[in-house]
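# Structural overview
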Amino acid sequence: MERDAVTTYRDLRDWLEQVEAMGELKQLKGAHWNQEIGAITECSRRQPHAPALLFDEIQDYRPGFRVLSNALNSLNRVALAARLPLGLTKLQYVDAWREKHISLRPTPPVEVPHGPVTENVLKGDAVDLLKFPTPIWHFKDGGRYIGTGSITITRDPDGGWVNFGVYRTMIVDRTHVTCYISPGKDGRIHRTKYFDKGKPCPMVISVGHDPLLFLAGFQAIPYGESEYDWAGGMRGKAIEVIRGEFTGLPIPADSEIAIEGEVLPDKSVPEGPFGEWTGYYGSSVRGENLFVVKAIYHRNNPIILGNPPGRPPHAQGTMASCFARAGQIKVELEKAGVPDVVGVWSHEVGGHRLMIVVSIRQRYPGHARQAGMIASFCRGSAYLGRYVIVVDDDIDVSDLNDVMWAVCTRSDPESSIEIIRRCWSGPLDPIIPKSRKGFNSRAIIDACRPYEWRDEFPDTVDVEENLKRQVMEKWKEIFPS
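Since the model is a prediction, treat every value here as computed from it, not as a measurement. (Residues numbered from 1 in each chain as written. Predicted model: local features only at pLDDT ≥ 70, side-chain atom pairs only at ≥ 80, totals over all residues. Heavy atoms only, no water.)

## Structural notes on the overall build of the protein
Here is the rule we go by: Helix and strand definitions follow DSSP, with helices as H or I runs of at least four residues and strands as E runs of at least two, each counted in order from the N terminus. In this description the radius of gyration comes from C-alpha coordinates, and the expected globular size is given by 2.2 Å times residues to the power 0.38. Note on classification: 1.4 Å probe, protein chains only; a residue is buried when its accessible area is under 20% of the maximum for its type, exposed when over 50%, partly exposed between these limits. Throughout, a contact is declared for two residues whenever any of their heavy atoms are within 4.5 Å. Here the open area of atoms and residues is found with the Shrake-Rupley method and a 1.4 Å probe, where only the protein chains shown may cover a residue. Note that His is not counted, nor are the chain ends; the positive residues are Lys and Arg, and the negative ones are Asp and Glu. We put the charge of a Lys on NZ, of an Arg on CZ, of an Asp on CG and of a Glu on CD.
Counting secondary structure elements, the protein contains twelve helices and 21 strands. Taken over the C-alpha trace, the protein has a radius of gyration of 23 Å; the compact-globule value for 481 residues is 23 Å, and the two agree within 12%. Projected onto its principal axes, the C-alpha positions of the protein cover 75 × 50 × 40 Å. Within the span of the protein, comprising 481 residues, buried residues form 57% of the whole. Within the protein, contacts between residues at least 6 apart in sequence are counted, and of these 72% link residues at least 24 apart. Of the roughly 20600 Å² of accessible surface on the protein, 52% is carried by carbon and sulfur atoms. Here the protein carries 58 positive and 62 negative side-chain charges, and the mean point of each set is 4 Å from the other.

As structure tokens, then:
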């Protein structure tokens, strides 16, 4: 397939124009914020070639106050956001992501005096979160979640570096939200440091922005390094930010909506439940620290970037997460000295975390176990993993049928599976009981031909590669590219 040139854009609106030009945007009017937008989103993304959905004239709200969903549910839309070529396959994208990671030069953000996000600044009595058409995404959700495709910005009170991550945010009332952050995440560590000092934690939540910032927010950037720098490197140009009036935190100048305030160490309110990326309500209602809103910044006719999780493999943003995570793991395997890593894929069915597949060209005894262990515990996969499967280089790691054929025919449960206990999990893990939340186990499955007698392993039934190419070239009408 011919590859389009890498395209660039400035902000979410510019990105949407290019998505529409690609024929991958659908605009809908008149939907209700209470579950209907969520239901349309969920049903749409289960269809082949699901478009991005832009909702306007939402019931009970002014025209122009919009919600975007399914933004990153296609390879081309993710590639556009990441400034990668269009028209590649899954594994080609993994390699393109890997190559960009290797050559990436972190570019710090640049502060500007104002930007589109300062078109409207609400402070004091004017603060009102309910002016935005925040959906109730799933029918059992405990509230209206304005932050699903959001990024939450914090600063380390000791080192001074800025982090942002993708953490869910629920509206409590006009002037308060809660922001749930899983244990061990950088934003949680920052917040705990403030609380340990007896201080509230300054925080900004952007709920509409360049999709590249969303991609940056779920990357496992090394601790102490800023996602702003990573995003600037991916973009090839510094991210413009304004300084928050109350927190001093850097806010994306092109953000659609940004919520600035502080999280209190000594006051909590009920939060949840919320339908999460595992496909379950993994956490029930419990207390979460209260976020007091000091200011809301928003553009005229703002857009909420919605990324509501759901049941894999069609969950929002899963495709983006899968090839980004796979690319990062491949880089980390190579940095750790694992040779001849042919392919890596983080499978959609596992919600981009629960099943990682690595293919190698076996070079020495223990090569497969080495690859499996590192793939399970490197920074890109350490949190809430479950299965790592290592296969030979003749297996397509992105094809679940191919992978499971290897598991069924090249692994023997007695000798091919390693179980690692007391690994880093989280409250969202549905199979872990409340008494053991935070820990889980991992299975590393060696589905390679046994190294000692791999040359004696039965031959596979397949078409010889040269003949395969000849047939596909000759009979193009039944083998579309």
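## With respect to the sheet that holds strand 19 (residues 387–392)
Rules: Here, any two strands with at least 2 DSSP bridges between them count as paired. Axis lines are fitted to C-alpha atoms, over the contacting stretch for helices. Their N-to-C directions set the angle, which ranges from 0 to 180 degrees.
Within the open sheet, the five strands sit side by side as 17-18-19-21-20. Their pairing is mixed. Either end of the sheet is taken by a strand with one partner, and the two such strands are strand 17 (341–346) and strand 20 (417–424). Sheet twist, expressed as the mean angle between neighbouring strand axes with direction ignored, is 15 degrees. With five bridges joining them, strand 17 and strand 18 (residues 355–360) adopt antiparallel strand pairing. Bridged to Val344 within strand 18 is Val358. Along the sheet, helix 9 (residues 367–377) makes contact with strand 18, strand 19, strand 20 and strand 21 (439–447), crossing strand 21 at roughly 150 degrees.

## Some remarks on the pattern of salt bridges
Cut-off, in case you're wondering: By definition here, a salt bridge exists when the distance from a side-chain nitrogen of Lys or Arg to a carboxyl oxygen of Asp or Glu is within 4 Å.
In the structure shown here, the tally under the stated rule is 36 salt bridges. In this structure, the salt-bridge partner of Arg379 is Asp186, at a minimum N-O distance of 3.4 Å. One end of the pair, Arg379, is in the loop between helix 9 and strand 19; the other, Asp186, is in helix 5 (residues 186–196), with 193 residues separating them in the sequence. Note on Arg379: relative accessible area 37%, which makes it partly exposed. Taken together, the shared-partner salt bridges in this structure form one network comprising Arg168, Arg191, Glu271, Arg286 and Glu288.

## Notes on empty space enclosed by the protein
Applicable threshold: Put simply, the grid is 1 Å and covers the protein atoms alone, a cavity is a trapped set of points that fit a 1.4 Å probe, a pocket is an open set with protein on both sides within 12 Å along at least five of seven lines, and lining residues have an atom within 4 Å of a point. Grid points are joined across faces, edges and corners, and a volume is the space filled by probe spheres set on the points. Note that Gly is not counted as nonpolar here; it falls among the polar residues with everything else outside the nonpolar set of Ala, Val, Leu, Ile, Met, Phe, Trp, Tyr, Cys and Pro and the charged set of Asp, Glu, Lys and Arg.
For the structure on display, the rule yields three cavities of 30 Å³ or more. The calculated volume of the largest cavity comes to roughly 90 Å³. The wall of the largest cavity is formed by Arg10, His209, Asp210, Leu213, Arg235, Ile239, Glu240, Pro252, Ala253 and Asp254. A breakdown of the residues in the lining of the largest cavity according to their chemical character gives four nonpolar, one polar and five charged.

## Section: the packing of aromatic side chains
We count it as follows: Pairing of aromatic side chains requires ring centres within 6.5 Å, counting the rings of Phe and Tyr and the six-membered ring of Trp. Pairs whose planes differ by under 30 degrees are stacked, by over 60 edge-to-face, and all others tilted. Note on geometry: a ring has a charge over it if NZ (lysine) or CZ (arginine) is within 6 Å of the ring centre and within 35 degrees of the ring normal.
Under the counting rule described, the total for this entry stands at eight aromatic pairs. Summarising the aromatic geometry, the rings of Phe214 and Phe218 are spaced 5.4 Å apart at their centres and angled 75 degrees between planes, so their arrangement reads as edge-to-face. With a relative accessible area of 13%, Phe218 lands in the buried category. Across the ring face of Tyr383, the terminal group of Lys185 is positioned such that the distance to the ring centre comes to 4.0 Å. Across from the ring centre of Tyr451, 3.9 Å away, lies the NZ or CZ of Arg454, which sits over that ring.

## Quick word on helix 9
Rules: Arc definition: directions from the helix axis to the C-beta atoms.
Among all positions in helix 9, only His367, Ala368, Ala371, Gly372, Ala375 and Ser376 are buried. With its buried residues spanning 155 degrees around the axis, helix 9 presents them on a single face.

## Quick notes on the sheet that holds strand 16 (residues 303–305)
The four strands lie next to each other as 1-2-3-16, forming an open sheet whose pairing is mixed. At either margin of the open sheet sits one strand with a lone partner, and together these are strand 1 (25–29) and strand 16. Each strand of the sheet is rotated relative to its neighbour by a mean of 20 degrees, with strand direction disregarded. Note that strand 1 and strand 2 (residues 52–56) share five bridges and pair parallel. Residue pairing in the sheet places Lys29 in a bridge with Asp56 of strand 2. Against the sheet, helix 2 (residues 36–45) makes contact with strand 1, strand 2 and strand 3 (66–69), and its axis sits at roughly 160 degrees relative to strand 2, the strand it touches most.

## A few points about the confidence of the model for the protein
Stated formally: Summary of the metric used: pLDDT quantifies the predictor's per-residue confidence within the range 0 to 100.
Overall, the prediction assigns the protein a mean pLDDT of 91, with 97% of residues at 70 or greater. Within the model, pLDDT remains below 50 along residues 1–5, and this stretch shows six contacts once partners closer than five positions in the same chain are excluded.

## Details of the nonpolar core
As a reminder of what qualifies: To form a nonpolar core, buried Ala, Val, Leu, Ile, Met, Phe, Trp, Tyr and Cys residues must be joined to one another through side-chain atoms within 4.5 Å.
Counting 87 residues, the largest nonpolar core has Trp15, Leu68 and Leu215 as the members making the most contacts within it. In terms of residue count, the dominant contributor to this core is helix 8 (residues 318–335) (seven residues). Beyond its immediate sequence surroundings of up to four residues, Leu215 is in contact with Leu72, Val78, Ala81, Ala82, Trp97, Trp230 and Ala320. Grouped together as the second largest cluster of nonpolar side chains are 37 residues, Tyr61, Val67, Phe195 and Phe291 included.

## Observations regarding the pairing of strand 7 (residues 151–155)
Looking down a regular strand, the side chains alternate between one sheet face and the other. Counting buried residues in strand 7 gives four out of five residues, a clear majority hidden from the surface. One ladder, built from four bridges, connects strand 7 with strand 8 (residues 162–165); its direction is antiparallel. For Thr154, the partnering residue across the bridge sits in strand 8 and is Asn163. Between strand 7 and the antiparallel strand that follows it, strand 8, lie six residues; Gly160 among them carries a positive phi value of about 85 degrees.

## Thoughts on the environment of Lys237
With respect to the helices, strands and loops of the structure, Lys237 is situated in the loop between helix 7 (227–235) and strand 12 (240–243). The class for Lys237 is partly exposed, based on a relative accessible area of 49%. As for Lys237 and Pro109, which are separated by 128 residues in sequence, their C-alpha atoms are 8.7 Å apart. Setting aside residues up to four positions removed in sequence, Lys237 forms contacts with Thr107 and Gly232.

## Some details on a nonpolar patch on the surface
Note the following rule: Like charges within 9 Å and nonpolar side chains (Val, Leu, Ile, Met, Phe, Trp, Tyr) within 5 Å are joined into patches, using only residues over 30% in relative accessible area that form no salt bridge.
Where nonpolar side chains cluster on the molecular surface, the patch consists of Val463, Leu467, Val471, Met472, Trp475, Ile478 and Phe479 and spans about 600 Å² of accessible area. Within the secondary structure layout, Val471 lies in helix 12 (residues 465–474).

## Concerning the layout of surface pockets
Estimated volume of the largest pocket: approximately 840 Å³. Around the largest pocket, the lining is made up of 44 residues, and of these Val166, Tyr167, Lys185, Phe218 and Arg353 lie nearest the centre. Among the residues forming the lining of the largest pocket, the class breakdown is 19 nonpolar, 17 polar and eight charged.

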